[in-house]
Every structure is written in C-alpha cells, then in structure tokens.
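# Fold and geometry: a report
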Amino acid sequence: MANLDLLTAADVQLMQDLAQRVTATHPHLVNAEATYGELAWNWGKSHAAHGPTWQRRLWFAGGRLVAWGWAQLPHRVHRTDGRSKDVTNANLVYQIHPDHADLIDEVIDWYDRTAPHVDRTVVPAAGDGFALKRWAAYGYETDPSSLGDTGFWTQLNERDLTDIEKPVLPEGFRFRTADEAGPEAAVRAHIDAWAPSTYSAEAYQGVRQTAGYRGDLHFLVEAPDGTMASSTIMWLDEVNRTAEFEPVGTHPGFRRQGLARAMLLHGMHAVRAAGATHATVACLGAPGHPKARALYHGVGFRELSRDAPLLRRHTPVF
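The rules behind the values
- Sequence order as written defines the numbering, with residues in each chain counted from 1.
- In view of the model being predicted, local features appear only for residues whose pLDDT reaches at least 70, and side-chain atom pairs are presented and counted only at 80 or more, with totals across whole chains, interfaces and linings using the full set of residues.
- Only hydrogens and water are set aside when side-chain values are computed; all heavy atoms of the structure are taken into account.
- Numbered from the N terminus, helices here are DSSP runs of H or I no shorter than four residues, and strands are runs of E no shorter than two.
- Just to be clear, the radius of gyration here is over C-alpha atoms, and the globule rule we use is 2.2 Å times residues to the power 0.38.
- Think of it in three bands: residues with accessible area under 20% of the maximum for their type are buried, residues over 50% are exposed, and the middle band is partly exposed, with areas taken using a 1.4 Å probe on protein chains only.
- Pairs of residues are marked as contacts when any of their non-hydrogen atoms sit within 4.5 Å.
- The angle between two axes is taken between their N-to-C directions and runs from 0 to 180 degrees, where each axis is a line fitted to C-alpha atoms and a helix contributes only its stretch in contact.
- Roughly parallel here means an angle under 35 degrees, roughly antiparallel means over 145, roughly perpendicular means 65 to 115, and every remaining angle is called oblique.
- The nonpolar class holds Ala, Val, Leu, Ile, Met, Phe, Trp, Tyr, Cys and Pro. Asp, Glu, Lys and Arg form the charged class, and all remaining residues, Gly among them, are polar.
- For cavity detection a 1 Å grid was placed over the protein atoms alone, and a set of points counts as a cavity when a 1.4 Å probe fits there but cannot get out; an open set counts as a pocket when protein lies on both sides within 12 Å along at least five of seven lines, with lining residues being those that have an atom within 4 Å of a point.
- Grid points are joined across faces, edges and corners, and a volume is the space filled by probe spheres set on the points.
- Throughout, the arc means the angular range of directions from the helix axis out to the C-beta atoms.
- Strands are treated as partners if at least two bridges between them are detected by DSSP.
- A pair of Phe, Tyr and Trp rings is counted when the ring centres sit within 6.5 Å of each other, with Trp represented by its six-membered ring. The angle between the planes then sorts it: under 30 degrees is stacked, over 60 is edge-to-face, the rest tilted.

### Notes on the overall build of the protein
Secondary structure assignment for the protein yields nine helices and 16 strands. For the protein, the C-alpha radius of gyration of 19 Å lies close to 20 Å, the compact-globule estimate for 318 residues. Each principal axis of the C-alpha distribution contributes one length, and for the protein these read about 65 × 45 × 40 Å. Per-residue burial over the protein gives 50% buried out of 318 residues. Restricting the contact set of the protein to residue pairs at least 6 apart, pairs at least 24 apart contribute 72%.

Right, here's the structure in full:
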C-alpha cells in the first residue's frame with residue numbers, strides 16, 4: 001500500500017524508524033541523507049520555509065513503513081546575507097528496506113511523475129548495486145558536478161566509542177549545552193559557522209520539536225569573550241545505541257585552534273555515558289574537500305559508505 005501527500009512530522013518519525021531498522025542490519029546501505037539524525041535535522045530546520053514544496057510517498061507492508069520517497073521540488077532559498085537563490089531542479093531522498101528492494105521501480109516512477117518538467121537529481125548509496133542498475137535503466141547518469149577533485153558527494157563515517165581521547169580546550173574556553181546557553185546563542189553559533197546561512201530562530205524551533213533532539217546533547221564551545229565559537233548537535237539512536245553528529249561547525253575567527261576536535265571528543269564521551277557504543281558523522285568525500293574529512297579521521301572515524309549522485313536532465317518536447 002502507498003499514499004501521497006506533503007511530508008509531515010509524523011511521516012518523519014516513521015522514516016526514522018525505517019532508518020533504524022536498515023541501520024541495524026544493512027548499515028552500508030544507509031544513505032547519508034536518510035539517517036536517523038539527518039532526517040530530523042533536515043525536516044526541522046527547513047519545513048517551515050520549504051515544506052509546501054516537499055512531496056512524499058510512503059510504502060507499507062504488514063502495517064510498517066518499508067519504503068519512502070521525499071521529493072524536494074524547485075524553490076527559492078533566502079539567506080542571512082539578504083540574498084536569495086533559486087533551486088531549479090528537483091532532488092529525491094529515499095530509503096527502501098532491503099527485504100523490499102523491488103520497490104525501487106515504483107519509487108523511480110513516482111519521482112519521474114512528481115517532477116516531470118525539471119532536471120532531477122538523486123543520491124542512492126554507492127553500495128546498492130541493484131538500485132544503481134535500476135536508476136540507470138530509467139536514464140539516470142552520474143551527475144557531472146560530482147566528478148573530479150572538487151565534486152560534491154558525501155561519505156558517511158563511523159567509529160566505535162571505546163578508547164576515546166580526553167578533550168582539551170585552549171585556556172579560557174569551555175563546553176556548554178544548548179539547554180544552558182539558550183536558543184539565541186545556539187542559533188548565533190550556527191549562523192556564524194555557516195554564513196551566509198538559511199538558519200534562523202524559526203528553523204531552530206523546528207529542530208527542537210523533532211523526535212530525537214536533545215538540548216543536553218547539543219554542544220557548544222564558548223570563547224573567553226562569550227562568543228559561541230563552535231557547535232554541534234548529536235542525535236542519539238537508542239535502538240541501535242549509535243549517535244550522529246549533524247551539523248558540526250566553527251566560527252571562522254576561531255578555527256585552527258582545536259575547538260571542533262575537542263568538541264567531537266567531548267560529545268563522544270557524553271553519548272557513551274548516555275548508552276551509545278557507536279558514532280557516525282558525514283562529510284564531503286572528494287579529494288578537494290579534505291578539511292572536514294581530516295578532522296573526523298583525526299578523532300578515529302573511518303568511511304562506512306558513500307553516496308552516488310545521479311542526474312536525469314529534462315528534455316523539453318517541442
């Protein structure tokens with residue numbers, strides 16, 4: 001059975017449940033955009049602004065969700081620097097339980113019908129050979145923008161939570177949580193790290209309302225002058241005893257001081273105390289984007305999976 005409508009908060013919780021089930025048995029098939037934490041983060045920060053352009057379809061078997069597609073249609077993005085950007089293509093995020101892999105054709109067909117008159121992108125997991133063959137059969141090819149040393153494709157990294165190094169901050173800096181620092185500081189920390197950004201107080205309110213968000217696992221590093229110099233949110237999947245960092249960012253004026261490294265280590269100690277035995281974090285994987293990858297590998301993460309960006313261009317019929 002399937003249904004079609006705009007994506008809702010209740011849908012996201014069902015999608016997180018499927019992500020947990022896939023993670024438990026086939027972690028190499030978990031796309032970096034379809035993890036327990038990433039789903040909550042992307043929904044929370046953007047649904048108020050872009051929800052009307054989000055189409056979704058859900059497939060059920062035996063009363064449980066076994067596949068979903070989330071099509072993000074063309075929209076306009078407004079940034080904190082006052083500029084805006086028009087996103088003219090459609091993008092699909094999806095997940096299918098491996099026991100129902102044959103639903104891939106229904107997912108592709110639905111996506112093509114939902115966004116028929118624009119270029120369409122999708123990022124299946126590179127390890128899902130069956131899905132890649134089906135996308136190719138429908139005319140999807142490697143996205144040229146993902147090729148080369150500066151391509152934009154994502155890899156998901158993992159490590160266990162044994163033998164975690166002790167975090168060390170420079171003198172005068174200290175760890176805070178979003179619960180302690182408050183919403184204004186948490187929002188400012190993100191905007192400063194990612195400027196120009198689309199983030200806002202409204203976006204953070206959406207994040208706080210998602211399933212899985214915990215203010216005591218939203219960490220910040222406060223500088224001696226009171227600036228929130230670095231921040232991250234950790235999403236604890238209690239079913240699989242794993243925690244995901246998303247996002248991770250540092251204020252440009254405080255980079256190269258070891259703040260992000262210390263914050264990652266501090267976060268891993270905290271989620272281990274909360275019951276996690278495993279952690280993940282995503283980053284750009286192409287050789288020309290080494291900084292985040294080097295940071296994560298420097299604290300023990302190694303690649304678990306990567307995505308395979310695909311594109312099908314719309315050809316107008318005259």
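### Some remarks on the packing of helix 6 (residues 183–194) against helix 7 (residues 201–208)
Helix 7 packs onto helix 6 with a crossing angle of 110 degrees between their chain directions and a minimal axis gap of 10 Å. Taken together, the axes of helix 6 and helix 7 are roughly perpendicular relative to one another. Counted together, Pro 183, Ala 186 and Val 187 of helix 6 and Ala 201, Tyr 204 and Arg 208 of helix 7 form the full contact between these two elements. Tallied by class, the residues present in the contact of helix 6 with helix 7 amount to five nonpolar, no polar and one charged.

### Quick look at empty space enclosed by the protein
Summed over the entire model, instances satisfying the criterion amount to one cavity of 30 Å³ or more. In this model, the largest cavity occupies a volume close to 60 Å³. Together, Trp 41, Ala 186, Val 187, His 190, Tyr 199, Tyr 204, His 218, Ser 231, Thr 232, Ile 233 and Pro 247 line the largest cavity. Residue composition of the lining of the largest cavity, grouped by class: seven nonpolar, four polar and no charged.

### Points about helix 7
Every buried residue of helix 7 is listed here: Ala 203, Tyr 204, Gly 206 and Val 207. The arc that holds every buried residue of helix 7, seen down its axis, measures 155 degrees, which confines them to one face. Away from the buried face of helix 7 by more than 90 degrees, exposed residues Ala 201 and Glu 202 are located. Next to the buried residues of helix 7 lie helix 2 (36–50), helix 5 (178–181), helix 6, strand 11 (218–222) and strand 12 (228–237).

### A word on the environment of Phe 130
With respect to the helices and strands, the residue Phe 130 is situated in helix 4 (residues 129–137). Considered as a pair, Phe 130 and Ala 101 are 29 residues apart in the sequence and their alpha carbons are 8.0 Å apart. Beyond its immediate sequence surroundings of up to four residues, Phe 130 is in contact with Ala 101, Asp 102 and Ile 104.

### Comments concerning the pairing of strand 13 (residues 242–250)
Of all the nine residues making up strand 13, nine are buried; the element is thus mostly covered by neighbouring parts of the structure. Pairing analysis gives seven bridges linking strand 12 to strand 13, with the strands arranged antiparallel. Along strand 13, the bridge assignment pairs Ser 231 with Gly 249. Turn length for the strand 12-strand 13 hairpin, with the two strands adjacent in sequence and antiparallel, is four residues, and the turn residue Arg 241 shows positive phi of about 55 degrees.

### Description of the packing of aromatic side chains
Inspection of the entire model under this criterion finds eleven aromatic pairs. Look at Trp 41 and Tyr 199: their rings are 5.6 Å apart centre to centre, the planes differ by 35 degrees, and that puts the pair in the tilted class. Residue Trp 41 is located in helix 2, and its partner Tyr 199 is located in the loop between helix 6 and helix 7; the two are separated by 158 residues in the primary sequence. Each member of the pair, Trp 41 as well as Tyr 199, is classed as buried.

Read these as geometric descriptors, not functional statements.
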